[in-house]
Each structure stands twice: as C-alpha cells, then as structure tokens.
Amino acid sequence: ASGFSYTALGHIHKPEFSETGRYGFPGSLSPLDLTETGAHGYLVGELKENGGAGDLSLRFVPLPSRSYIPCQVKVTEKTTNQSLFQTLEKFMKQYGPSNIYKVTLNGKRDPELVLDETYLCTAGRIISFRDNTVPSYDIEHLRQEHRADLIGGYIAAFLPDGSEEGIPDPVRRQAFYCGLDALLSNFDTNTGEP
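In this report, we go over the structure that sits alongside the text.

### Some points on the packing of aromatic side chains
Inference 1: Taken as a whole and assessed by the stated rule, the structure comprises 7 aromatic pairs.
Inference 2: Judged by centre distance (5.2 Å) and plane angle (50 degrees), the ring pair of F158 and F176 falls under tilted. Taken together, the residues span a long stretch of sequence, with F158 in helix α4 (residues 150-158) and F176 in helix α5 (residues 170-185) at a distance of 18 residues.
Inference 3: For F176, a relative accessible area of 1% corresponds to the buried category.

This is the structure:
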C-alpha cells in the first residue's frame, strides 16, 4: 500500500521472506549462537528498470559457513555406545564435518547401557548432548514381582493406572525412571529392602 517495490528488514537472524517477495529479512551472515540452526547468507534482489510492485526477483544466497544442526537419534534396546557413535559419525559426515551439532537421544534403551557421553562427543563437533532416553523396563513384570515392597509402592505411586502413558510430562517421566533405577540398583533380593 506504501508504493515501495521492496523493503529490506533487519533484526531477525534467520532468513525470512514474504509470500509476495516484497520484503525480506536476510538474517545474519553466520549463526550467532547455537539456537540459530539452518543456512545463513544474504539476499540478492533485482528490480526491473521502471519496475513497479511485483517486478522484483529476490533470492537467498547461502554462505559456506558453519551451521548449528540439530541431530535427533532414536535409541532402542539394541543400541550400544559403539553403534550410537557410528550413527552420529555417519550423520555428521552427511551434513558436513565442519558444522556444529546439537545431539538429542530419544527412545528406550537397555537398562544396563551406560551412555558414554565423552566417547560419543568425539564423533564430531558436538556442542550439546541431551539424553532423553529411558530404560526399557517391563513395568508390569516389576509391579508384580515387587508388589509387596518399596519398589512396587514406588511404581504404584507414579503409575496408579499401571501405564507409563500415565506420566505425560517428560520431566516427571525421567524422574520416575531415575528413581526406579536407583531403587533397583540398590535392592537386596535377600531382605526385599533397598
């Protein structure tokens, strides 16, 4: 409505364009912190001579710089530190070894697996490592086996309906598994006490 053919905007660090191509945010030339994932670069616009609204071509030109790339990895009961390392290494080769990675692990792991974050971070340029995995316990089996002791009481307190889906909050779910790990690792099978 203003009559301008193009408006250049700033402040936002990621490139963004209007659907009409009449305005755009070029973003920063390179990422400024780890929250700024994706490509960075600059905008090139060409306005036809005597052009009016709609006579503008606008394109984004990425610069070859490091990017912060999120890496989500699904973990299963069969995952080992070695297989996880190989998965991370393959992902980082695919997206470029000079980029910087934010790794997040999700899924259910073998309860005996202790993730070696120091080793795993040698797979590439990893700036953050988040382990959202939970041990793959057979909760119903544990509930039956320990129904008369502290572990059974603990499970019943967290899961009154008997289902892990009874804990929708991920922080509360992680707390449940941390507590269960602690109880099970210190449980004396002779006395039935932790």
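What follows continues from the structure just given.
### A short note on a nonpolar patch on the surface
Inference 1: On the surface, a cluster of nonpolar side chains totalling about 250 Å² of accessible area is made up of L29, Y42 and L63.
Inference 2: One can find Y42 in strand β4 (residues 41-47).
Inference 3: Using a relative accessible area of 35% as the deciding quantity, one classes Y42 as partly exposed.

### What about the environment of Y119?
Inference 1: Positionally, Y119 belongs in helix α2 (residues 117-120).
Inference 2: For Y119, a relative accessible area of 26% gives the class partly exposed.
Inference 3: Through-space distance from the C-alpha of Y119 to that of Q82 is 9.1 Å; in sequence the pair is 37 residues apart.
Inference 4: Those residues within four positions of Y119 in sequence are excluded, and the remaining contacts are N81, Q82 and F85.

### Focus on the pattern of salt bridges
Inference 1: One pass over the structure, following the stated rule, counts 1 salt bridge.
Inference 2: The partner of R143 in a salt bridge is E140, with the nearest N and O atoms 3.6 Å apart. Of this pair, R143 and E140 both sit in helix α3 (residues 139-145), separated by 3 residues, roughly a single helical turn.
Inference 3: According to the relative accessible area criterion, E140 is partly exposed, its value standing at 41%.

### A few points about the side chain of S28
Inference 1: Along the chain, S28 turns up in the loop between β3 (23-25) and β4.
Inference 2: Residue classification places S28 among the buried residues on the basis of a relative accessible area of 12%.
Inference 3: Excluding residues that lie within four positions of it along the chain, S28 makes contacts with H13, E36, H40 and G41.

Calculation rules
Residues numbered from 1 in each chain as written. Predicted model: local features only at pLDDT ≥ 70, side-chain atom pairs only at ≥ 80, totals over all residues. Heavy atoms only, no water. Phe/Tyr/Trp six-rings, centres within 6.5 Å; stacked < 30°, edge-to-face > 60°. Helix = DSSP H or I, 4+ residues; strand = E, 2+ residues; numbered from the N terminus. Buried < 20%, exposed > 50% of the residue type's maximum accessible area, 1.4 Å probe, protein only. Patch = residues over 30% accessible without salt bridge, like charges linked within 9 Å, V, L, I, M, F, W, Y side chains within 5 Å. Areas by Shrake-Rupley, 256 points an atom, 1.4 Å probe, with all protein chains shown as cover. Salt bridge = Lys/Arg side-chain N within 4 Å of Asp/Glu carboxyl O. Contact = heavy atoms within 4.5 Å.

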